[in-house]
Amino acid sequence: MENISAHESVRKMYEKLHADGVTNTFDRFEAQGVRCRFCSDGVSCRLCSNGPCRISKKADRGACGINADGMAMRNFLHLNIMGTTAYTYHAKEVAMTLKATGKGQTPFTIRDETKLRDFAGKLGLNSGKGLSGTEEPSVNELAVKVGDAILQGIHTDSDEALGMVGIFAPGSRQKVWRELGILPGGPIEESMDMTTCSMTNIDGDYVSLAKKALRLSIATIYGSLVPLELGQDILFGTPLPHEHEVDLGIIDPEYINIVANGHEPFIGAALIAAAKKAGNQQKAKDAGAKGLHIIGSIETGQELLQRFEKDDVFVGLTGNWLSIEAALATEGIDVFAMDMNCSPPALGEYQDKYNVTLVSVSKLVAMPGMDRQIAYKPEKVEAQVQELIDLAIANFKKRKAAGLAKNDLNRQKTLTGFSAEAIVSALGGTLDPLLDVIKKGDIKGIVALISCTTLKDSGQDVNTIAITKELIKRDILVMSAGCGNAALQVAGLTTIDAQELAGDRLKAVCESLGIPPVLSMGTCTDTGRIINIVTAVADALGVDPSQLPVAVTAPEYMEQKATIDAVFAVAFGLYTHVAPLAPVAGAPNLVKLLTRDVEGLTGGKLAVETDMVEAADGIEAHIMEKRKALGI
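Let us look at the structure shown here. (Residues numbered from 1 in each chain as written. Predicted model: local features only at pLDDT ≥ 70, side-chain atom pairs only at ≥ 80, totals over all residues. Heavy atoms only, no water.)

### What to know about the nonpolar core
We count it as follows: Working definition of a nonpolar core: buried Ala, Val, Leu, Ile, Met, Phe, Trp, Tyr and Cys residues. They are joined through side-chain atoms within 4.5 Å. Exposed residues in this analysis have more than 50% of their type's maximum accessible area, buried residues have under 20%, and partly exposed residues fall in between, with area computed by a 1.4 Å probe over protein chains only. Every helix listed is a DSSP run of H or I at least four residues long, and every strand listed is a run of E at least two residues long, numbered separately from the N terminus. Contact between two residues is taken to exist if any of their heavy atoms lie within 4.5 Å; hydrogens are not considered.
One finds Trp177, Tyr222, Leu388 and Leu434 to be the most contacted residues of the largest nonpolar core, which totals 166 residues. For this core, the leading source of residues is helix 10 (residues 206–236), giving 15 residues. For tyrosine 222, the residues in contact, after removing those within four places along its chain, are Leu162, Met164, Val165, Phe168, Ala169, Pro170, Trp177, Pro227, Ile531, Phe568 and Phe572. Formed by 36 residues, the second largest nonpolar core is a distinct cluster that contains Val22, Ile250, Ala327 and Tyr354.

### Describing the layout of surface pockets
Filter applied, for reference: Here a cavity denotes a set of grid points, spaced 1 Å apart and computed over the protein atoms alone, in which a 1.4 Å probe fits but from which it cannot get out, and a pocket denotes an open set meeting protein on both sides within 12 Å along at least five of seven lines; residues with an atom within 4 Å of a point are reported as lining. Grid points are joined across faces, edges and corners, and a volume is the space filled by probe spheres set on the points. The nonpolar class holds Ala, Val, Leu, Ile, Met, Phe, Trp, Tyr, Cys and Pro. Asp, Glu, Lys and Arg form the charged class, and all remaining residues, Gly among them, are polar.
Its boundaries defined by the atoms lining it, the largest pocket holds a volume of some 1,100 Å³. Around the largest pocket, the lining comprises 30 residues; the ones closest to its centre are Cys39, Leu79, Tyr557, Met558 and Pro583. Mapped onto the lining of the largest pocket, the elements with two or more residues apiece are helix 2 (25–31), helix 3 (37–40), strand 1 (44–45), helix 4 (68–102) and helix 23 (560–571). Looking at the lining of the largest pocket, the element that brings in the most residues is helix 4, giving three residues. Among the residues making up the lining of the largest pocket, the classes are represented as 16 nonpolar, nine polar and five charged. Put simply, the second largest pocket is a space of about 500 Å³. For the second largest pocket, the lining is made up of 23 residues, of which Lys115, Leu230, Ala420, Glu421 and Asn532 are closest to its centre. Looking at the lining of the second largest pocket, the elements with two or more residues in it are helix 5 (113–122), helix 7 (163–168), helix 10, helix 17 (420–426) and helix 22 (527–541). No other element matches helix 22, which puts seven residues into the lining of the second largest pocket. Across the lining of the second largest pocket, the residue classes break down as 12 nonpolar, three polar and eight charged.

### Some words on unusual backbone geometry
Between glycine 51 and proline 52 the backbone carries a cis peptide bond, its omega angle lying at 0°. As for its placement among the helices and strands, proline 52 is situated in the loop between strand 1 and strand 2 (53–54). Backbone torsion omega between alanine 579 and proline 580 reads -5°, so that peptide bond is classified as cis. Its place among the elements puts proline 580 in the loop between strand 14 (575–578) and helix 24 (588–597). Look at glutamate 331: it is not a glycine, yet its phi comes out positive at around 60°. Considering the arrangement of structural elements, one finds glutamate 331 in the loop between helix 14 (324–329) and strand 7 (335–338). Residues other than glycine seldom take positive phi values, yet aspartate 475 does so here, at roughly 65°. Assignment of secondary structure puts aspartate 475 in the loop between helix 19 (462–473) and strand 11 (476–482). Given a relative accessible area of 10%, aspartate 475 falls into the buried group.

### With respect to the packing of helix 4 against helix 10
Here is the rule: Working convention: axes come from line fits to C-alpha atoms, limited for helices to the stretch in contact. Angles between N-to-C directions cover 0 to 180 degrees. We call two directions roughly parallel when the angle between them is under 35 degrees, roughly antiparallel when it is over 145, roughly perpendicular when it lies between 65 and 115, and oblique otherwise. The handedness criterion is simple: a crossing whose near helix is rotated anticlockwise from the far helix by less than a right angle is left-handed, and one whose near helix is rotated clockwise is right-handed.
Where helix 4 meets helix 10, the closest approach of the two axes is 8 Å, and the angle between their N-to-C directions is 20°. When the axis of helix 4 is compared with that of helix 10, the two are roughly parallel. For helix 4 against helix 10, the interelement crossing comes out left-handed. For the contact of helix 4 with helix 10, the residue count by class is 16 nonpolar, 11 polar and two charged.

### Points about the pairing of strand 7
The cut-off we apply is this: The pairing criterion for strands is at least two bridges between them, as found by DSSP.
Side chains of strand 7 alternate between two faces, with Val335 and Ala337 and Phe336 and Met338 buried alike. The pairing of strand 4 (residues 256–262) with strand 7 spans four bridges and is parallel. Its bridge partner being in strand 7, alanine 260 is matched across the sheet by alanine 337.

### Digging into helix 19
Applied cut-off: Multiplying 1.5 Å by the residue count of a helix minus one yields the expected span of that helix.
End to end, helix 19 covers 17 Å across 12 residues, agreeing with the expected 16 Å (1.5 Å per residue, within 8%). Positive backbone phi, at 65°, marks aspartate 475, one or two positions downstream of helix 19.

### With respect to a negative patch on the surface
The following threshold applies: Residues form patches when they are more than 30% accessible in relative terms and have no salt bridge. Like charges link within 9 Å. Nonpolar side chains (Val, Leu, Ile, Met, Phe, Trp, Tyr) link within 5 Å. To be clear on the numbers: accessible area is Shrake-Rupley with a 1.4 Å probe, and residue cover counts the displayed protein chains and nothing else. When a carboxyl oxygen of Asp or Glu lies within 4 Å of a side-chain nitrogen of Lys or Arg, that pair is called a salt bridge. The convention is simple: Lys and Arg are positive, Asp and Glu are negative, and His and the chain ends are not counted. Just so you know, the charge point we use is NZ for Lys, CZ for Arg, CG for Asp and CD for Glu.
A contiguous patch of negative charge on the surface is contributed by Asp157, Asp159, Glu160 and Asp193. On the secondary structure map, aspartate 157 appears in the loop between helix 6 (139–154) and helix 7.

### Re helix 13 (residues 298–307)
Across the 10 residues of helix 13, 10 count as buried, placing the element largely inside the fold. All of the buried residues along helix 13 are Ile298, Glu299, Thr300, Gly301, Gln302, Glu303, Leu304, Leu305, Gln306 and Arg307.

### Focus on empty space enclosed by the protein
Under the definition given, this model contains five cavities of 30 Å³ or more. Space inside the largest cavity adds up to approximately 210 Å³. Contributions of two or more residues to the lining of the largest cavity are made by strand 10 (445–451), helix 22, strand 13 (550–554), helix 23 and strand 14. If you tally residues by element for the lining of the largest cavity, the top one is helix 22, at six residues. Here the residues of the lining of the largest cavity are counted per class, giving 20 nonpolar, two polar and one charged. Approximately 130 Å³ is the volume attributed to the second largest cavity. Lining the second largest cavity are 17 residues, and of these Glu299, Ser451, Cys452, Cys524 and Glu559 sit closest to its centre. Those elements giving two or more residues to the lining of the second largest cavity turn out to be strand 10 and helix 23. The dominant element in the lining of the second largest cavity, judged by the number of residues it contributes, is helix 23, at three residues.

### A look at the pattern of salt bridges
Throughout the structure, instances matching the rule amount to 37 salt bridges. The partner of arginine 307 in a salt bridge is aspartate 233, and the shortest N-O contact between them spans 2.7 Å. In this pair, arginine 307 is assigned in helix 13 and aspartate 233 in helix 10, connecting sequence segments 74 residues apart. With its nearest N and O atoms 3.1 Å apart, the salt bridge here joins lysine 507 to glutamate 500. Owing to a relative accessible area of 55%, glutamate 500 belongs among the exposed residues under this scheme. Residues joined by salt bridges that share partners form a network here, namely Lys115, Glu229, Asp233, Glu303, Arg307, Glu421, Asp526 and Arg529.

The analysis is restricted to geometry; functional conclusions fall outside its scope.
This is the structure:
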């Protein structure tokens, strides 16, 4: 491939992988050659035994009678359902961990009591006496109650309105959704309905299916993402800005290194605590290592990076999912612990080649060649992470006997931890300074970059970095989350030094506040956190979110979670740039609905553009249009 990655460290490790003849995503992507246009355009279907069917000029309907628009939207809804259920699984794990912690069954504690009581108050759980006869429930009792409330919300019947929407969504949005008939129930019940209706011969109307996707997206954000991030803040602390390190150079082969990979922070947080015990550090030194390090990878790493300071145990983040194989090729990792999401299924070959032990820490994760599974249970997590540490110590002995590899790889500083609370704190405790600089035009607008990373259209993170540089030089502030956040961290765009790449007016604002022009907010689950910030800004201005000079970009969307995020952004009334094109191009009426007509319904729309300069042009034009309408 001509363009592997935007990152030198990944390119260097790719050369090693390629030379070693080890399977890797970059070579596998190239080997696939030209993709099937029917699949790329969303007009192929293999749901029933009459198929597979493909829509073409010669056959404008499937055997069942569905047309191109219905087929493409039905296929797209299937992707959305998978995204919803993955997020909801994560939310369920948070709820179960909250309950177990409240019962004293985990090593975790309630780190943000204020947020717990605030959330419980919104849920109506603060009233009534505690079990011990106190005037109000204790912190631990509230943790159990909030966990139960999250689970109850997840399972709210689809004929009822999800309570979290009423609590957290702007009133103006609720009115729009009610009029469209898309106020949802809970994400599990909605997913069941959507899965059923998108079977063969049930719902073949692309407009109906599109409205159901919008409905599902609202259930996902308010039934899964908002509560799960609040729950994680309660358990592990609300992020605050601090400096950290990223990129593959943080892997020091002379240490025992355990990498926490995936999307959930539970095992990673417990590993950090266990690795700080003097006994485990001594065990590492007795094995001939300098010590024991915990390292984050992709979204699990982001969850940890946002909440835990850099020290001599937790040393940072390697990168996003396309950096996984490169990280293993460094030959410096002893245990690669994989929770629920984003572990490529061909890693088994890496174990013997690069002296690493692969371990699934989720009942969901399995792959050929990996035979170790320590499925996370809140009540057992302390013993589980000790088992991981012991495995890592044993692996290090094997790795050291083979000769410790030396790699000259980059380490990059990043400023991270910009939660909503942290942003308000940086502004002096109120949103007014932010609103003032937006009104004056020092910041034209805000773009939320919530993206994966993909090899479609460019190398790893090339488009993500390109559009971000375009936006900040136009005085547009960027808030980043997801794998795209790691792209910008490794590229150095989440540092104070990156102020030099911003337009003069944005640069001046960043200098006065001591912040980068790209605010590193966390993971794809932080979509809920970003939405809450947009809601707060809209409420402060007394307008609907669709009226704000705000946009969303997903310049390298890749998988199913990203599709439900994008659909929600449209439901929320936001201009949403995506690349590459989702599999709907073969359905002209559907494309028109998503990119034009839906704006008249929700105020939002999709904008598809693979040229990042032109994409930035479209975003800037949208922002300027909204500024003009607001008279600013």
